[in-house]
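Survey of secondary and tertiary structure
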Amino acid sequence: MSDEPRQRVERAGGKARRARLTPAPGSDPAPEQPVPPPEPDADAAPKRPRKRATPDPDDDRITRERPPHW
């Protein structure tokens, strides 16, 4: 086997049932910062969901049916 550094599984302390991985070699273990949402325009009107003029005949059937595992 090679002696390259690898990720290892570390046991969690206490009664925790999960383990955790050490950071992969060459990776950045710090999480990325979330991108802030754009500021809403004061002049723009709020968007409303569009409703269909005529309902699709399959809509009612699709909402009534359930997958076989339910």
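Attention in this report is confined to the structure presented alongside it. Owing to the predicted nature of the structure, the values given are computational and were not obtained by experimental measurement.

Turning our attention to the overall build of the protein. Scanning the protein for helices and strands turns up 1 helix and 2 strands. Secondary structure elements of the protein, listed N to C terminal, follow the sequence β-β-α. Carbon and sulfur atoms make up 52% of the accessible area of the protein, which totals about 8300 Å².

Position of threonine 22 relative to the elements: it lies in the loop between strand 2 (19-21) and helix 1 (57-64). A polar contact is formed between the side chain of threonine 22 and the backbone nitrogen of arginine 8, at a distance of 2.8 Å. The contact partners of threonine 22, leaving out residues within four places of it in the chain, are Arg6, Gln7, Arg8 and Glu10.

The subject of this paragraph is the pattern of salt bridges. For the structure on display, the rule yields 2 salt bridges. The salt bridge partner of arginine 8 is glutamate 10, with a shortest N-O separation of 3.6 Å. Of the charged contacts, one joins glutamate 10 and arginine 20 as a salt bridge, the two residues approaching to 3.0 Å between their closest N and O atoms. Remark: arginine 20 occurs in strand 2 and glutamate 10 occurs in strand 1 (residues 9-11); sequence separation between them is 10 residues. A single salt-bridge network, built from bridges that share partners, covers Arg8, Glu10 and Arg20.

Cut-offs applied
- Residues numbered from 1 in each chain as written.
- Predicted model: local features only at pLDDT ≥ 70, side-chain atom pairs only at ≥ 80, totals over all residues.
- Heavy atoms only, no water.
- Helix = DSSP H or I, 4+ residues; strand = E, 2+ residues; numbered from the N terminus.
- Areas by Shrake-Rupley, 256 points an atom, 1.4 Å probe, with all protein chains shown as cover.
- Polar contact = N/O pair within 3.5 Å; in protein donor to acceptor, adjacent residues only side chain to side chain.
- Contact = heavy atoms within 4.5 Å.
- Salt bridge = Lys/Arg side-chain N within 4 Å of Asp/Glu carboxyl O.

Purely geometric numbers; function is a separate question.
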